[in-house]
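Results of the structural survey
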Amino acid sequence: VEVGEKEPNNDVPEAQKVELGTTVSGVISAPTDVDYSAFTGKKGQRVIVSCLASSIDSKASPLVEVFDATGRKLAGARNSRENDALADVVLPTDGDYFVRVCQFTYTVGGPEYFYRLSITTAPWVDAVFPP
């Protein structure tokens with residue numbers, strides 16, 4: 001499922017609620033713009049959070065972080081592949097989780113700073129050997 005980013009989503013209480021298996025097309029519209037998405041997960045679930053930027057010709061350099069309902073940071077990533085970010089987390093409990101996306105340096109933003117955020121439990125290929 002693909003959805004567009006819904007503002008306001010700049011803080012946890014305003015987080016855009018999505019199901020696992022959803023891709024959110026969003027924009028870092030200003031240097032200090034922060035976008036939150038929320039999903040419900042189960043204990044032991046492996047969740048992959050992929051934020052595409054450079055691979056879709058965006059100028060964004062996103063930072064992606066995953067938090068539990070208490071605000072504890074479980075994972076964070078940037079520049080996993082060029083300016084794309086990838087966070088891989090195993091959920092510690094049943095409950096709600098939050099994904100935070102922002103421009104890493106908080107110095108740029110605008111229509112050219114778009115991203116595709118996918119939150120999924122689908123398999124992810126980390127590497128292939130031999131290459």
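Residues numbered from 1 in each chain as written. Predicted model: local features only at pLDDT ≥ 70, side-chain atom pairs only at ≥ 80, totals over all residues. Heavy atoms only, no water.

**Some points on the sheet that holds strand S2 (residues 16-17)**
Pairing in this open sheet of five strands is mixed, and the strands run S2-S4-S9-S6-S7 from one edge to the other. The strands lining the two open edges of the sheet, one partner per strand, are S2 and strand S7 (73-77). Note: strand S6 (residues 62-68) against S7, four bridges, orientation antiparallel. By the bridge assignment for S7, Val64 is matched with Ala77. (Pairing = 2+ DSSP bridges. Helix = DSSP H or I, 4+ residues; strand = E, 2+ residues; numbered from the N terminus.)

**Quick look at the nonpolar core**
Buried together is how nonpolar side chains tend to be arranged in soluble globular proteins. Counting residues in hydrophobic clusters, the biggest one holds 24 residues, and the most contacted among them are Phe39, Val49, Val64, Val99, Leu117 and Ile119. Elements supplying a minimum of two residues to this core: strand S5 (46-52), S6, S7, strand S8 (85-90), strand S9 (95-103) and strand S10 (114-120). Residues in contact with Val99, not counting those within four places in the same chain, are Asp35, Tyr36, Ser37, Phe39, Val49, Val64, Glu65, Val66, Leu117 and Ile119. Listed in part, the eight residues of the second largest apolar core include Val34, Tyr36, Phe67 and Cys102. (Core = buried A, V, L, I, M, F, W, Y, C linked by side-chain atoms within 4.5 Å. Buried < 20%, exposed > 50% of the residue type's maximum accessible area, 1.4 Å probe, protein only. Contact = heavy atoms within 4.5 Å.)

**What to know about the packing of aromatic side chains**
Two measures describe an aromatic ring pair: the distance that separates the ring centres and the angle between the ring planes. Applying the stated criterion across every chain yields a total of one aromatic pair. Plain terms: the ring middles of Phe39 and Tyr97 are 5.7 Å apart, the flat faces sit at 25° to each other, and that makes the pair stacked. Highlighted residues: Phe39 in strand S4 (residues 34-41) and Tyr97 in strand S9, separated in sequence by 58 residues. Tyr97 shares its class with Phe39; the two are buried. For the cation-ring pair, Arg78 lies above Phe104, with the distance from its terminal atom to the ring centre recorded as 3.6 Å. (Phe/Tyr/Trp six-rings, centres within 6.5 Å; stacked < 30°, edge-to-face > 60°. Lys NZ or Arg CZ within 6 Å of the ring centre and 35° of its normal.)

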